[in-house]
Every structure is written in C-alpha cells, then in structure tokens.
Amino acid sequence: MYFTEKRHERAGKPKLLPFEVEDWRMRDRLKTVSAALAVCLNIGVDPPDQLRTTPGAKLEAWHDPSLPPVSKALETIGKCLQAQYETLAIRTRYKQYLDPSVEETKKFCMSLRRNAKDERVLFHYNGHGVPKPTASGEIWVFNKTYTQYIPVSIYDLQQWLQAPAIFVWDCSEAGNILNNFHRFADKHEQEEEEAALKDPAYEKVNYRPYIHLAACGVKENLPTNPLLPADLFTSCLTTPIEMALWFFVLQNPLKTQLTPERIKKLGGRLQERRTPLGELNWIFTAVTDTIAWTTLPRHLFRKFYRQDLMVAALFRNFLLAQRVMPVYKCHPLSYPELPDTRRHPLWRSWDLAVDRVLSQLPMLEKKEAEGLEYEYVNTSFFTEQLTAFEIYLVRGDALSQKPPDQLPVVLQVLLSQQHRLRALILLGRFLDLGPWAVQLALNIGIFPYVLKLLQSTAHELKPVMVFIWARILAVDISCQQDLIKDSGYNYFVTIMKPQDSFPVVGILVLDEHKAMCTFILAMMCKNFKPGQSVCNSTEIMTYCLRYAIEPESNLLRQWSCLCISQLWQDYPEGKWRGIRENAHLKLSFLIRDQCPEVRAAMVHAMTTFLGIPDLTDEVSRIEEGIAWTMLELATDGSPIVRKELLVFFSHLVLRYENKFLVAAYEQLLEEKEYLSIPPPQDGLDHKMGLHYAREENRERDGTIKPDAYGVAHNSVFAACWKHINILSVDPHPEVQRSATIIVDYVHHALLRSPVSAQARNLMDEILRRARKVSRGDMSQRSSVFGTHTAVAQPMPSPSLLKRTASYLFGPLMGNTEYNPPNTSTPPASPGLQRTASQRIRKGPSLDAAPPEENEQIISPANYHVANEPSCVGYKERSPTELPSLPLPSTLLDWSSEYYREPQMRPQEAEQPGSFEDNARLWRRSRNDAVLLETQPQKTHARTHKWNKQIAVINNGSQPATMIFHQFEDFVAVADDGNTVNIWDWKQGGRKSRFSNGNPEGSRISDIKFINEDDQALLMTGSSDGVLRIYRNYNSDENVELASSWRALTHMVPSKVNSNMIFEWQQVNGQALVAGDERLIRIWNAGHEMCTHEIPARSGSCVTALTSDQMTGNIFVAGFGDGAIRVFDSRIKPQDAMVRKWKEGNRQWIRSLHMQRGGQRELLSASRDGVVRLWDIRMERSLKAFLTTKDVLRTASTHEHLPVFAVGTSAHLVKIFDLDGHELSRLQPYSSFLQGRKSTPIVSTAFHPHQMVLGCAARGDRHLNVFTCGSEKVGPF
C-alpha cells in the first residue's frame, strides 16, 4: 500500500487537539499550617441536654476518662488526640485547648489566624461535655470558673478565624452549625462590601473558602453504644485503620473469637507497608482514593485529595465515617458536600483484604507468644487490582475512553518496589491510549511519582519510564521545567549515550527508546531557554549528530534532527557549538535520506541554524553553503519536504533581503529580454546556465559574456530565487501557496525599494508583452499556451506572471486579467529548467510524427470545468492579505503527534473484527472470486467475437485516455483537457468528476489505479511532467489530493512530442517516468524520491513504457524513432540498457505492453500498423503482423487473455489473438451530429481481468464498452 502514510493524510499539518490541556497543577496550593484542638469535655459533669446511657460510650481518643488518675484524663485525651492528628500531617503546628473559656477561645482563634497568615487553619471542636449547638448558630464553651456554659456565635468565630479554614465538628446536632455558617459568611461579606464602598483604602477580610466535616445532621445525636468510642467521628477521621478494624469485628456476621480489644494487638506500624497494619493502611489509602476518584468531579477530587496533606487525609477518612456512622443512625455532613459512598463496591474489596489479614492473627499471636516460625503473607489486593486494570486495557472500556477505576490503585502501587515494574508497564499502556488518558493520569497525581523515579538507577525501569515521559510531554509541554529540577533530564541523556544497552520491556526496540529520549529533550528545549542551556552543556548534540546519520531507525534520525533544531532555535550558543562540530555538514548527508520525514526534519534543523546575530564572513559562507545544498530538495517528491524547504527559503530571504531584491530585479530584466528577444534555436541555450541573455551578450560558444554579468550572476541567491519561482507553480496547493507568499513579499519589497520606479516599469513591460503573446502574437514564440487548445505542448511559460503565480503582482500593476494560481503554467525557461540536459536534439521528422500533431482541431478542450480536489485542511490565501515572512513551520507539532497516538497496540484498521478489517477481508474475498471467475476465459476470448456492446456512456467531453479498475466496476476516463470522470461501466452512472489541475494547454497523458487489491488510489500524469495521487476518487464530496510532484523537470520542447509517459509498478511501489527527456526516471513511492536516472540512450522521445509487474526489475521503453530498448534497473544506470531492437521503418511506437498473466507476452505496436511479439532473450521479434493499412492510433493488450486491440484512423477497432488472427472489427458509436466515420480512434483499454473492452473516437464524447459475445469466430 502506497501513499497511505500519516504524512499523506494532512500533508504535514497537525490536527487540532480535541480538547485543551486542563491545568492539573495546583496553582493556588494551600497548606494547613496550624491547628487548634478544642476539647470541651468537663469530665464528670454531663450537659443538661444530653442523656447518658449506662453503660455508654466512654472512649475519647481511645482513652477511657474514668480510669485513674481521673485528674489527668483530660490532659491525656488532648495528647492522644494531637498524636492521632500528627499521623495525618506531622508538619502542622498543633495546640490543644482543653475545656477552653470564651476569652481563651477568642484569643487562640485570633492567634491561630495571625500565625497562619494566608494559609489554611484547622479548628477541631469536641463538644461532648457541653450543650448541643443551637439552631441559631452557637456553640458552647465555659466561663473561667466552669460554673456556666457560655455560647459562642459562629458569626464571631468566623471573625476570629477568617479564611481559609477547615472545621471538624464532633458533637451532636452538628448540622445546625453548617446551616448557619453559610448565612453568617454571606453577612460578613456584605459588611465587607459596604466598608469597602465607604473607604476605598479598606482591605477586605476573606471569609471563604472554608471546609466543614460534621459528625451528624440536625436533630441527630452521637451514638452512645458502649461498644463504640464516644468520639466515633474523630476516630474515623484520625485513626481510620483502628476504627475500620473495630467496625469490621462488630459487623462480622460470623461467630469468631475476634474482639475489638484483640484486634488492637495486630502488629506492625502504619508507615511500614510490609507489616499487617502498614499494608492495611496502604490498601485503605488506595481504596478511599479510588472511591473518591470514581464519585467526585475531577476539580473537587484535585482540590480535596491532591492539594493539601491534611485535607486529603481527612477527606479520605471521612469516607469511612460515611460508611460507619449511618449504621448507628448518624449521617456525617461535609461542605462542599460529598456524595454518599457507603455502598461503593470497592468497600467489599476492603472487607476482603481485612478478612485476609485478620485470618492470620492467630498465627501471628502464636509467633509473638510462643516464638513460632511464621512469615506474614501479604494480601493479593494490589495484584488483583493490577489484573483488573490490565483487563480494562484490553476490553472496550479503554477504547470508549471510560476512565478506569483502578488508576488511583496504580498510583499507590508505584510506591512498592515489588509491583512497580508491572504497574509502570500498565500505566504506559494506559497513557498510550491517547491524550485523554495522559490528562486523567496527570489529574490523579501521577506526575510527582514519575518525576521522583527519574532519580532511580534501576535499568529495568528505563524503557517504560522513557515511554511514559514521552507521552506526558507530548500532551503537556509545561513539564519541561520540572525536568531541569534535580537534573532529571540526565536520565534521558544517559540512555541516549551510544553503545548503552539495557533490558528491553515489551515490544519496543532500543532505537525506539532513544528516539523517545530525543523527543523528550527536544520538547524540553522547545521555546525554553533554560532547557536549551542545560542541553547545550551536555553531549546531546554530539549524540544526535551521530544518530542522524547512522541508525536504521527513521524515527531516531527524524527526532535527532528535530532535537538539534530545538537546540538551535533562537539560541546562538547552540549554533556556534554546531559550527564547531560541523553539524551543518553532517546533516547535509541526509539530503538523500530515504525517509521524507527525515529529510523534512533536516531542513527544519537547517532553518533554525540560520540567523546567528553576529553575521561574520564565516557565518555568511556557511549559510550560503547550506543554501546551495538545500536546492536539491526543490525537486523532492514529498510535499512536506518542499513545504519545509520554502520555510527555509523564507528565513533566508529575510536574512539576506537586499541580495534577493537584486536577484529579483535582475530576473525581471531577464524576463523582459526573454519576451523581447526569444532564444535562437542554436542548441546552445543551456550554456547560459542560471541566467538568460540576448544573443549579442553571449560568446560564440553560447556562454554569457563577463561584461554582461549581473550583480547576482550565478549566486546562490539567484538560484534560490529561481527555485522559489518554480515552486510557486508547484502542483501541490500548499507548496504553491507558501512559494507565492515569498514571491509576493519580495516583489512588494522591490516596489518599496530605491529601484521601485524601474521595477514598476519592468513589470508594466512584462505584463504588456505577456498579454500580447497570449492574444496570439505568434511572432514571439513558436507555440504558446492558450485558453483552448487540443494539442498539449510543454512549451516554456510566456511570462514571469504565469510562472510566479503571484497574488501581489497583478493587483499592484492594475492587471485585471490576472490568472489565479491554479491556472498557472509550469516553468521551463528561463531559469533552472535550462540545464545541461536540455541540449537540442533532433526528434523524428514530421513525416514520421503521429498524424494528430498536424490535424485540424475538431473541438477545443475545456479546462477547470469541475472542482479541483485539494489536500485536507487547505485554505486559500486572501488576495488582500499582505505577505509576511518568515513562513511558520508545522513540522515539529505534526511530528509530535506521533507520541499522542497509540503505538503499543495495532491501529483500529488492523485489529481483527474492526470495520476496516472486515471490509479488507471482504475485498480480498471478492478479488479472489473475480480471479477465479475470469481465469477460464482464455479459450473463449480467442474463439469468440468481441462485438457485444454492453454500454455507451456519454462522458460529456472528449475521452482521451481510460483505464478499468481490476476489481471494482469503475472506469476512469480523462478528457483532452484536465477533467477526470469516474464511471460505473456496468450501471452506466457517473461516480465522480473532478479537475486534475494541469494548466491550460497541457493534458492528462495517462491514468493508473494503484493499491487496487485494497482501497485504490488514482494516479494521473499530465504533459507538464506532474504526477498527482487522489484518494476517495469515486466521490465528488470526498475526493482529496494525497500527493503530487513534478516527476519530469527537464522536459525538452519539440514540435513532435510524447509529453509524459509513466508506468506504475505495484510490486515495489515505483513509478517509471519518461517522455520528452533524455532520462527515464524511477520514483520510489515509499521514499518519495527519484532513485534512478537511467539514460534513455536515444535522441528520440520515449513514447511507450511497460515493465515486468511480477518483479519490477525489467522495463521496456519504446521510442519515436521505432526503437525498443530493454533496461534492467538493478544494473548501474550507465549500463542499464541490456537489449535494443529496431526493426522496420522509423515508425513511432504507439504501444508497448508486457502482460501480467497469461503467457506474459511482450507486444509492441507502431503507427504503421505492425504489431510484434518479443522475447527479451532474443535478438529479433518472435512474430510480426500487419493489423491495418491505415494509421494505427492506439493499441491495447489484455493483461491475462491472449488478445489485443488496435484503433485506427479509419474509425475502426480491431481485436486480434496473439497469432495475428482477427477476431472482431468494431465501429464505435458516435452521436448523430458528430458521427463521421473517418474520425480516428483515440483510446482503447481492456479490463485487466474480464472480457471487456472500452474505446472512444476523436471528436466524440461517447465511451463505448464491448464484451466477448457467444458468436464464434469462423475458421482462420
């Protein structure tokens, strides 16, 4: 499959991201720096509104206040409570306030805010020894002598504590506090607004944001169950593992000997993950994080679970309170409100993990008591969760972009060395799903973990770490600054070091990892001076230069160039280092690289090299040398390379604007002379090189006299300017648009320069003479392009106006007859088109020329009568838009898309069962059926007449060439202008119609289907030397230009010409191109470059091409002088001709065809009607027979059946077998008005497999389709 690569989809333009990258960093990060623990117990005295049961809940902070010494119970409870909070956030400053008075409460609240400044404070209130909060919004404390309960208004508390703050309310009817808190906050804010209006200098006090966690709602009392702690809510928030185990034992429906007191003996420390308590704490964190992740909106999750250690711990543990307390008729409240999560399925996984741990408690007790040898067995919780995550990745949930539940678990697993590698591999596979997955991972908080892992020296982690970082930087480039911290970038520099090896994980290879490293470092340098600076201080440039020319990996070469380009972008120190390392010379070797992306990346790097501020002679010499090197890419086959070359030219024009103005001015002078005094036909035209001069300014040998040299004579600036002009009529619309912007910019600058008056006069003169030529003044030129012409002549363009296709030129000069770019004609002369290969040569005489060259035009061709397909996303320039330089490059952004697309799994089209895969299997089955059906037809085809007409199709214009699709019922028909029609020959309906875009006066020489076994593309070749590739060719709405390039660049003008001939080889993806040129070129579709230039070894033009479609090595060319030459492309070009035949008169070879199937015969047909069969091993033809005494106008050979057809000048189509026996004689249908029986046949074509023949006559719009009927042929 060819021309289906990513670069052909959008011609190197990046797709717009389907979403903007969310800001996952916590910019307004708040920390809880101070905490006040207000404990109002007044032990021994029950408040009047709270009934105490006997027995009842007694434990406060897991301490029984009734145990002696009772006098120190309150102090002990305060210390225990602080210790519990310190397990959540050790850095927070805690202060206990035990049974505080109202004055003390005010004092410590104001002190708390003063010390915290703008950070968050925590206010914990235990109100078990005071009355419940009132409905009007008051809590209770004591007077100094503890004889009275004193109310404290929430309004006052807000004024003392202000915001930001987090409140924990462990008291009955805590809902009253929340109900009034919002009302009082609104009241405060209103007062602040009023104060600010009265005094503009007044500084407002903040009363938001605030967070509340309350033990119960309005009219709910705390549980008094003696099996529970009295501060159940606080226990859930500060000692979640102990409380969860306690709750598990109380709720266990099975009869066991486990008691709450016994489970307190479970060993281990919370911080040690290998111990029972440590593992449960680890699992609990993963479970609560996951429950929050799957139930909360993303912004709330980040705010509560990723912003502050204290808030995250309290909210995590609040989920446990939500589960435990409703069992005892209390419903915890929060602000902002959290959804109810007590029935979340993951709690079952938690219960299972607890059960597995507690099941080992008897053995652990025996080990402790009796010294029994027993090793604690870790639970399989994390292993099972990773397996669930793996199943998610291979099921449809991942493809439907449903967020995975297990992502927070994966985050926790990264903390464990045991599971880390597996977790990273799965994380890499998840990030591979696309930017949405990367966004989710960054939101969940994965970044600090992978940043920390850059300090790891574990070799087995390197491949997957590189993969993960490449995915992150492809989505969010803001991470580049994090790589500089702690020298994290050295992780990738070390991997890039040549001859470094490490175990490869998964399916990726070593070069792929190094390519990712170059991508990561390139992103680190992109528009980031500190990144460029640190990279320039390492050996990165040296490594990239080595990888750019050595490895087999296209991706590594491409990103090595792009990494160098980012090192150089607006960074002179990097460019000077590049000069010291001869980087520009080393990169220039990539000009013939087989990968178009690598060539484009090399040009991008060279573009960024331009512009060293200190323009010394050495710098100027280096930049001019680079420009000379770049010129070769002007004829590159890939549009993305030519687009990038024009970006280079735009920077060069800006850098040396004055020199380009001189070159442009001298070009105008040459153009004027060219139009005034055309070159004589003396064969010395090529001696002038880059420039043009009239005859008196040339030496006798044709060279330009030194005294006629211009200032820019043979300079790199003149050469670049010529190429920019040539590219301004490039067949690819985006390349053409870029070139016209440069041309317009220079012309615009020229008209504002000191020579503006002279330049304006020159332009006036050129326009006047060009219009004179186009009106038909044939004294100037032997042939010109007109609006309507039937015979395509690849003659030079009549003027600079048509060659530059400039938007600016016409409006500036008041030219109302200005042609838009799509009607521009290709440049041939003057300029680089006049090179040494254009030596004059004598073609066949007019007597031997094809007769249609001298025929009277029956009906002129029409051009641009249908829409011209463009590439995806192409936008026309606005004619009113002023040109600006430099041109922007999209290559880096487009290349970066590779790392946003899935690489670890097959593309959707390649996955079994996908729609595309099923369609491909169906097409394969259909193709096999067609082959099976048509194979037995060989005998029938040579013994029956081909006189059954099955279709007459009105094409709407003169059919000039046609081709049948091998497997679809399509026939592509090109007329004698630039219109292509796709017909369903069985149904007779038109599928699509579009313009090929070749300029007026040229025509479509040939058309071919490529990739016919699957989804075919249409390739057209036109007489101006251009090949174009179309996809979706059978749909008017969806037809698109996949690629286009000028395959023949040195067309030799002659009165007798074959224009361009091409042959497509599907077996190896090559296009053989020849015509009015001394060379036969072989273009490789995969490389999009000319791989062979084989001398034609003839003074005549090539008129026919065919090749061995099975191997693609041998091809045969027919010439205008009747010669046939056989070439072998495996041999070096000078010796590639292995056979030459020249039999009969000097007659134009009309057709040459080597069958794909059948006997694989090689047939030639010359215009005198003689058809010959050849064997390339033989010196002479095997057979020769005269098919007609009239002039043979066209001939076709069936690919598999032993038949061929000839079309004559006497309106006859004759079908013969390969022994020369005539099977049928047909006269194609012509309309009544145009039905002249003398009109010649202009085109015939066989269906590649079926017994179907198409033909068309000159001067008629109809396409006739015949098949082999049931009437037998008589004896020969």
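Calculation criteria
- Residues numbered from 1 in each chain as written.
- Predicted model: local features only at pLDDT ≥ 70, side-chain atom pairs only at ≥ 80, totals over all residues.
- Heavy atoms only, no water.
- Buried < 20%, exposed > 50% of the residue type's maximum accessible area, 1.4 Å probe, protein only.
- Helix = DSSP H or I, 4+ residues; strand = E, 2+ residues; numbered from the N terminus.
- Pairing = 2+ DSSP bridges.
- Contact = heavy atoms within 4.5 Å.
- Axes fitted to C-alpha atoms, helices over the stretch in contact; angles between N-to-C directions.
- Parallel < 35°, antiparallel > 145°, perpendicular 65-115°, else oblique.
- Left-handed = near helix turned anticlockwise from the far one by under 90°.
- Nonpolar A, V, L, I, M, F, W, Y, C, P; charged D, E, K, R; others polar.
- UniProt positions renumbered as here; feature names shortened; annotations may be inferred.
- Phe/Tyr/Trp six-rings, centres within 6.5 Å; stacked < 30°, edge-to-face > 60°.
- Lys NZ or Arg CZ within 6 Å of the ring centre and 35° of its normal.
- pLDDT = per-residue confidence, 0-100.
- Salt bridge = Lys/Arg side-chain N within 4 Å of Asp/Glu carboxyl O.

(A) Inspection of the pairing of strand β12 (residues 979–984) at higher detail. A large share of β12 lies buried, amounting to 6 of its 6 residues. The side-chain alternation of β12 yields two buried faces, one formed by T979, N981 and W983 and the other by V980, I982 and D984. Of the pairings in the sheet, the one linking strand β11 (residues 970–975) to β12 comprises 5 bridges and is antiparallel in character. If you follow F970 over to β12, its bridge partner there is D984. One ladder, built from 6 bridges, connects β12 with strand β13 (residues 989–995); its direction is antiparallel. From the neighbouring strand, N981 faces β13, where its bridge partner is R993. Between β12 and β13, which pair antiparallel one after the other, the connecting turn spans 4 residues, and G988 there sits at a positive phi close to 80°.

(B) Highlighting helix α4 (residues 154–161). Burial analysis of α4 places 6 of its 8 residues in the buried class, the great majority of the element. Taken as a whole, α4 has its buried residues at I154, Y155, L157, Q158, W160 and L161. Its buried side turned inward, α4 meets α3 (102–116), β3 (120–126), β4 (138–142), β5 (149–153), β6 (165–170) and α5 (175–198). Phi turns positive one or two residues past the end of α4, at Q162, with a value near 55°.

(C) Spotlight on the packing of helix α33 (residues 716–727) against helix α34 (residues 733–750). Across the interface, α33 lies against α34 with an axial gap of 8 Å and an inter-helix angle of 130°. By the angle between their directions, the pair α33 and α34 is classed as oblique. Of the two possible hands of crossing, α33 and α34 adopt the one that is left-handed. Contact with α33, carried on its side by W721, I724 and L727, involves V735, Q736, A739, I742, V743, V746 and H747 of α34 and no other residues of that element. For the contact of α33 with α34, the per-class residue count stands at 8 nonpolar, 2 polar and no charged.

(D) Up close: unusual backbone geometry. Looking along the chain, the bond that leaves T54 and enters P55 is cis, with omega of -5°. Take P55: it is sitting in the loop between β1 (32–39) and α2 (73–86). Here the bond from Y335 into P336 is cis, since omega is -5°, no more than 30 degrees from zero. By the element assignment, P336 lies in the loop between β8 (333–335) and α12 (346–358). For E173, which is not a glycine, the phi torsion comes out positive at approximately 50°. Mapped onto the elements, E173 comes out in the loop between β6 and α5.

(E) Expanded view of the packing of helix α18 (residues 435–444) against helix α20 (residues 462–475). Running from N to C, α18 and α20 point in directions that differ by 100°, and their axes come no closer than 9 Å. Compared by their axis directions, α18 and α20 come out roughly perpendicular. Where α18 approaches α20, its residues P435, V438 and L442 are matched on the opposing element by R471, I472 and V475. Broken down by class, the residue content of the contact of α18 with α20 amounts to 5 nonpolar, no polar and 1 charged.

(F) Representation of the UniProt feature "domain: Raptor N-terminal CASPase-like" (unreviewed entry) in the chain within the structure. Mapped onto this numbering, the UniProt entry gives "domain: Raptor N-terminal CASPase-like" (unreviewed entry) at residues 29–182. Annotation note: span residues 29–182, helix share 29%, strand share 24%, distance between end C-alpha atoms 23 Å.

(G) Molecular detail of the sheet that holds strand β9 (residues 948–954). One open sheet accounts for 4 strands, arranged β9-β36-β35-β34; its pairing is antiparallel. Of all the strands in the sheet, just β9 and β34 (1241–1246) have a single pairing partner and so form its edges. Neighbour-to-neighbour, the strand axes of the sheet open up by a mean angle of 20°, direction not taken into account. The pairing of strand β35 (residues 1252–1257) with strand β36 (residues 1262–1267) spans 4 bridges and is classified as antiparallel. Looking at β36, one finds that V1252 is bridged to T1267.

(H) Quick look at the sheet that holds strand β27 (residues 1162–1166). Sheet architecture is open: 4 strands sit in the order β26-β27-β28-β29, paired in antiparallel fashion. A strand with exactly one partner marks an edge of an open sheet, and here the two such strands are β26 (1149–1154) and β29 (1183–1186). Averaged over all neighbouring strand pairs, the angle between strand axes comes to 15°, with direction disregarded. Relative to β27, β26 is paired through 5 bridges, and the arrangement is antiparallel. Pairing of H1153 across the sheet is with L1163, part of β27.

(I) View of the environment of I549. Relative to the elements of secondary structure, I549 occurs in helix α25 (residues 540–549). Along the backbone, I549 and E696 are 147 residues apart, and their C-alpha atoms lie at a distance of 49 Å. Beyond its immediate stretch of four places on either side in the chain, I549 contacts K586, F589 and L590.

(J) Focus on the packing of aromatic side chains. Under the counting rule described, the total for this entry stands at 53 aromatic pairs. Plain terms: the ring middles of F123 and Y125 are 6.5 Å apart, the flat faces sit at 10° to each other, and that makes the pair stacked. An aromatic cluster is present here, built from Y97, F108, F123, Y125, F167, W169, F181, Y210 and Y335 joined pairwise through their rings. Here the basic side chain of R25 rests over the ring of F447, its NZ or CZ set 5.3 Å away from the ring centre. Its guanidinium or amino end placed over the ring of W282, R273 lies 5.4 Å from that ring's centre, counting from NZ or CZ.

(K) Broad picture of the confidence of the model for the chain. In this model, the chain carries a mean pLDDT of 87, and residues with pLDDT of at least 70 account for 90%. Counting interchain partners and residues more than four positions distant, the pLDDT-below-50 stretch residues 503–509 has 12 contacts. Counting interchain partners and residues more than four positions distant, the pLDDT-below-50 stretch residues 776–849 has 225 contacts.

(L) Focus on the UniProt feature "repeat: WD" (unreviewed entry) in the chain. Look at the UniProt record and you will see "repeat: WD" (unreviewed entry) annotated at residues 1162–1184. For residues 1162–1184, the end-to-end C-alpha separation is 12 Å, with 0% helix and 52% strand making up the annotated structure.

(M) Structural detail: the pattern of salt bridges. In this structure the tally under the stated criterion is 60 salt bridges. Residue K526 is joined to D893 by a salt bridge in which the shortest nitrogen-to-oxygen separation is 2.8 Å. Pair noted here: K526 is in the loop between α23 (510–525) and α24 (529–536) and D893 is in helix α38 (residues 891–896), with a separation of 367 residues, a long-range link. For K526, a relative accessible area of 19% gives the class buried.

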